[in-house]
Amino acid sequence: MSQVPWRLLAIIMLFALLFKASYSYLLTQEENRGMISYSRFRSELAADNIKKIRIKGASITGEFRTKVKLAETIQGKAVVREVASFSTVMPAFADQTLMTDLTAKKVDVTAVSTELSPLANALIFTAPWLLLLGIWLIGMRSMRSQGPGGLGGFARSGARKYTAEEKITVNFDDVAGMESSKQELREIVDYLRNPKQFEQIGGKVPKGVLLVGPPGTGKTLLARAVAGEAGVTFFSISASQFIEMFVGVGASRVRDLFANAKKAAPSIIFIDELDAVGRSRGAGFGGGHDEREQTLNQLLSEMDGFDQHEEVIVLAATNRPDVLDPALLRPGRFDRHVVIERPDWRDREKILRVHVRKIALAEGVDLAVIARGTPGMTGADLENLVNEGAILASREGAATVTKEHLEKAKDKILMGGERKMFISSEEKRITAYHEAGHTLVAKLLPGTDPIHKVTIIPRGMALGITQQLPEDDRYHYPQSYLENRLAVAMGGRIAERLVYGEVSTGAQSDLKMVTDLAEKMVCQWGMSEKVGPMTFSRGEEHPFLGRKLAEEKTFSEAMAWRIDQEIAMFIRRAEQQAEDILTANRPKLDLLAEALQEEETLDGGRVDDIIGNNQ
Ligand code: ADP
Ligand code: ZN
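What you see is a predicted model; the values in this text were computed from it and never measured.

**A look at the side chain of Glu 566**
Alright, step 1. As for its placement among the helices and strands, Glu 566 is situated in helix H19 (residues 557-584).
Alright, step 2. Here Glu 566 falls in the buried class, since its relative accessible area comes to 4%.
Alright, step 3. A polar contact of 2.6 Å, which involves the side chain of Glu 566, links it to the side chain of Ser 528.

**Some words on the site of ligand 1**
Alright, step 1. Contacts to ligand 1 come from 17 residues, most closely from Ala 176, Gly 216, Lys 219, Thr 220 and Glu 383.
Alright, step 2. In the model, an oxygen atom of ligand 1 is placed 2.9 Å from a nitrogen or oxygen of the Leu 221 main chain.
Alright, step 3. Protein chains shield 82% of the accessible area of ligand 1, which is 560 Å² for the free molecule.
Alright, step 4. Those elements giving two or more residues to the shell around ligand 1 turn out to be helix H7 (219-230), helix H12 (345-356) and helix H14 (379-396).
Alright, step 5. Formed jointly, the shell around ligand 1 draws a minimum of three residues from each of two domains, domain 2 (155-339) and domain 3 (353-415).

**A few points about the nonpolar core**
Alright, step 1. If you look at the biggest cluster of nonpolar residues, it comprises 48 residues, and the most contacted ones within it are Val 441, Ile 563, Leu 592 and Leu 602.
Alright, step 2. When residues of this core are traced back to their parent elements, those giving at least two are helix H16 (425-444), strand E12 (451-455), helix H17 (479-500), helix H18 (508-523), H19, helix H20 (586-599) and helix H21 (604-611).
Alright, step 3. The element that contributes the greatest number of residues to this core is H19, accounting for 10 residues.
Alright, step 4. Once you skip the residues sitting within four places of it in the chain, Leu 592 turns out to touch Ala 436, Thr 439, Leu 440, Leu 602, Val 607, Ile 610 and Ile 611.
Alright, step 5. Ile 168, Met 178, Ala 223 and Ala 225 belong to the second largest nonpolar core, which has 29 residues in total.

**Description of the coordination of the zinc ion (ligand 2)**
Alright, step 1. Summarising the metal site, the zinc ion (ligand 2) is bound by the protein donors His 434 (NE2), His 438 (NE2), Asp 510 (OD) and Asp 510 (OD), whose distances to it range over 2.0 to 2.8 Å.
Alright, step 2. Read from N- to C-terminus, the donor residues coordinating the zinc ion (ligand 2) fall into the pattern H-x3-H-x71-D. In this pair, His 434 and His 438 both sit in helix H16, four residues apart, roughly one turn of the helix. Considered together, His 434 and His 438 belong to a single accessibility category, that of buried residues.

**Section: the sheet that holds strand E5 (residues 108-112)**
Alright, step 1. Read across the sheet, five strands follow the order E1-E4-E3-E2-E5 without closing on themselves; strand pairing throughout is mixed. The open sheet is flanked by strand E1 (33-35) and E5, the only strands paired with a single partner. This sheet shows a mean twist of 50° between the axes of neighbouring strands, independent of strand direction.
Alright, step 2. By the bridge criterion, 12 bridges tie strand E3 (residues 59-74) to strand E4 (residues 77-89) in an arrangement that is antiparallel. Looking at E4, one finds that Ala 71 is bridged to Val 80.
Alright, step 3. Where helix H2 (residues 38-46) meets the sheet, it contacts strand E2 (50-56), E3 and E4, and its direction lies at approximately 125° from that of E3.

**Looking at the sheet that holds strand E13 (residues 465-468)**
Note on sheets: strands pair through backbone hydrogen bonds, and any given pair is parallel or antiparallel.
Alright, step 1. Taking strand neighbours across the sheet as the criterion, the three strands line up as E13-E12-E14 in an open arrangement whose pairing is antiparallel. Each edge of the sheet is formed by a strand with only one pairing partner; in this case those strands are E13 and strand E14 (601-603). The sheet shows a mean angle of 10° between the axes of neighbouring strands, taken without regard to direction.
Alright, step 2. Of the pairings in the sheet, the one linking E12 to E14 comprises three bridges and is antiparallel in character. Across the sheet, residue Lys 453 finds its bridge partner in E14, namely Asp 603.

**Regarding the packing of aromatic side chains**
Alright, step 1. Throughout the structure, instances matching the rule amount to six aromatic pairs.
Alright, step 2. Seen from their ring centres, Phe 536 and Phe 555 are 5.2 Å apart, and the 80° between their planes marks the pair as edge-to-face. Taken together, the positions of Phe 536 in the loop between H18 and H19 and Phe 555 in the loop between H18 and H19 put the pair 19 residues apart, joining distant regions of the chain.
Alright, step 3. Residue classification places Phe 536 among the buried residues on the basis of a relative accessible area of 8%.

**Comments concerning the packing of H16 against H17**
Alright, step 1. As a packed pair, H16 and H17 sit with axes 7 Å apart at the nearest point and diverge in direction by 135°. Our classification of the angle between H16 and H17 gives oblique. Regarding H16 and H17, the two cross each other, and that crossing is right-handed. When H16 is examined against H17, the residues Glu 426, Arg 429, Ile 430, Tyr 433, His 434, Gly 437, His 438, Val 441 and Ala 442 are found in contact with a partner set consisting of Ala 487, Val 488, Ala 489, Gly 491, Gly 492, Arg 493, Ala 495, Glu 496, Val 499 and Tyr 500.
Alright, step 2. Of the residues in the contact of H16 with H17, the class split is 10 nonpolar, five polar and four charged.

**Some remarks on the pattern of salt bridges**
Alright, step 1. Counted under the stated rule, the structure contains 30 salt bridges.
Alright, step 2. Residue Asp 516 pairs with Lys 512 through a salt bridge whose shortest N-O separation is 3.3 Å. Here Asp 516 and its partner Lys 512 are both found in helix H18, four residues apart, which amounts to about one turn of the helix.
Alright, step 3. Bridged by salt links that share partners, the residues Arg 493, Arg 497, Arg 572, Glu 575 and Glu 579 form one connected network.

Reading the values: the criteria
- Residues numbered from 1 in each chain as written.
- Chains lettered and ligands numbered in written order.
- Predicted model: local features only at pLDDT ≥ 70, side-chain atom pairs only at ≥ 80, totals over all residues.
- Heavy atoms only, no water.
- Helix = DSSP H or I, 4+ residues; strand = E, 2+ residues; numbered from the N terminus.
- Buried < 20%, exposed > 50% of the residue type's maximum accessible area, 1.4 Å probe, protein only.
- Polar contact = N/O pair within 3.5 Å; in protein donor to acceptor, adjacent residues only side chain to side chain.
- Near = heavy atom within 4 Å.
- Areas by Shrake-Rupley, 256 points an atom, 1.4 Å probe, with all protein chains shown as cover.
- Domains from an automatic or database assignment.
- Core = buried A, V, L, I, M, F, W, Y, C linked by side-chain atoms within 4.5 Å.
- Contact = heavy atoms within 4.5 Å.
- Donors = N, O, S within 2.8 Å, 3.2 Å for Na, K, Ca; no water.
- Pairing = 2+ DSSP bridges.
- Axes fitted to C-alpha atoms, helices over the stretch in contact; angles between N-to-C directions.
- Phe/Tyr/Trp six-rings, centres within 6.5 Å; stacked < 30°, edge-to-face > 60°.
- Parallel < 35°, antiparallel > 145°, perpendicular 65-115°, else oblique.
- Left-handed = near helix turned anticlockwise from the far one by under 90°.
- Nonpolar A, V, L, I, M, F, W, Y, C, P; charged D, E, K, R; others polar.
- Salt bridge = Lys/Arg side-chain N within 4 Å of Asp/Glu carboxyl O.

Here you go:
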């Protein structure tokens with residue numbers, strides 16, 4: 001429990017005590033005074049026993065000349081009390097003769113205005129507000145002490161400020177693998193270390209860098225490592241914290257965050273989950289999210305507001321770059337992208353090595369074996385695996401963490417509740433053949449783009465990826481090139497069919513790509529002899545709805561039928577082509593698939609080595 005409720009309690013107690021004290025003071029005053037009836041007052045006056053009175057509105061207080069005995073009941077008992085002073089209340093009808101009687105008896109009369117003094121008035125009016133303010137302030141403080149994002153300091157960004165000397169102790173050595181990503185970020189480290197020199201040389205540094213990759217792959221870690229390497233202040237916030245409770249808060253948080261970062265320059269701002277604010281504007285059907293848009297606009301204007309010499313770098317992380325507002329990706333904003341992928345087994349081994357530093361590992365545990373057995377796991381998963389292993393070991397009272405502990409931990413993570421991207425060795429084999437199919441067709445068909453990389457590490461929805469990179473930017477696509485692309489896309493499915501005798505669901509996205517491409521070839525690019533050089537609109541896919549919006553059809557049913565035939569023909573032809581190639585080169589397919597299962601990721605050069613570069 002935090003200390004704050006106690007403080008609140010103490011204040012309430014103090015109020016209670018004060019109230020009690022003043023109340024009982026008033027009570028004792030009251031007690032020395034007798035409460036008498038108006039007629040009793042009149043008779044005492046007639047008996048000339050009133051010394052002086054004080055009139056305030058209808059109430060009269062005063063002193064007797066000699067003490068008077070009063071019979072009262074106090075707490076059920078009859079008591080007789082002697083009092084020297086009294087109080088009474090005048091009747092509502094004005095007592096016309098009172099004043100003459102009072103002067104006749106020479107009573108000292110003071111009249112007091114019923115109006116309160118300005119000071120008292122002011123106090124009475126402000127007291128409740130002061131009280132509210134006090135409670136609010138206390139509440140604020142308590143929220144703030146509970147961390148960023150509470151009611152307190154809501155106008156302030158929840159960015160935690162870590163000064164370089166104190167907190168950021170991680171550097172690139174703590175980030176295992178990811179060599180290419182680190183390489184890309186090194187430039188930023190160099191700049192932050194020595195901005196002046198960097199500018200003198202005329203170097204131009206990106207202001208915003210987007211780290212793209214699945215959750216747990218170490219994006220936050222990498223950002224922190226950049227700050228650690230450069231020795232600069234690190235501000236981090238999750239974009240979902242920008243949008244918290246009240247409209248307008250997000251924007252002022254952004255403003256605050258940037259102001260702080262500029263003050264502490266050179267510094268790094270890290271925005272996690274950028275997609276939380278950065279989703280395309282206007283994509284929200286059924287009412288946009290005003291707050292999000294305001295926040296996003298503020299973010300954009302802050303980034304544009306950087307001048308050349310402001311030594312602040314904004315790093316942001318997301319796993320959904322596809323939904324980001326294009327405005328965020330424009331030059332001067334997040335125009336540099338660093339893609340972080342799930343680690344391959346070599347990197348997984350390095351990550352394991354980093355995390356076993358913290359535990360007592362038994363002699364002779366081969367981390368490479370563990371790494372090979374955990375395809376699809378991210379850095380966070382592997383860290384978790386090591387932790388689980390250590391927990392298991394300590395529960396057993398073992399002195400060190402053995403291979404068995406780690407294996408058990410792996411099973412626990414894989415079977416435990418959440419579904420991880422884990423692939424059984426059979427699935428791994430299917431994926432390997434599938435990707436090998438794409439690769440081999442791409443290699444053996446002339447005029448296709450070179451293979452950049454092929455991997456069976458899952459990414460997003462895909463279980464594996466074959467990546468081809470054109471040697472040059474292309475603006476014209478000849479028909480033969482597109483037909484080859486269709487064949488390459490069919491290669492995965494055909495390879496599965498050759499090896500297993502049936503196809504699997506893994507080829508869904510290939511088929512979608514093939515269908516879309518073939519449709520464009522027929523309907524938009526006039527590549528079909530039978531249909532001819534015309535364009536036909538078959539409905540554009542809406543970018544956010546993910547489905548086609550209905551459009552008026554401007555061609556006959558007969559033409560629609562012909563179009564369908566031609567699309568199918570293009571696809572069948574590509575399928576046949578892929579099948580011919582793969583059947584004729586089955587040994588190479590096997591070699592590639594084996595290598596993929598073994599090494600998980602092959603680059604273009606490695607692929608050439610395996611199938612023998614005999615083109
Ligand atoms: P993300 O921001 O991409 O979701 P994090 O940076 O939060 O992922 O990673 C979570 C944890 O996983 C890190 O704190 C770190 O301990 C571990 N981790 C991830 N990638 C690596 C890596 N390459 N090397 C070492 N540890 C890693
Ligand atoms: Zn495929």
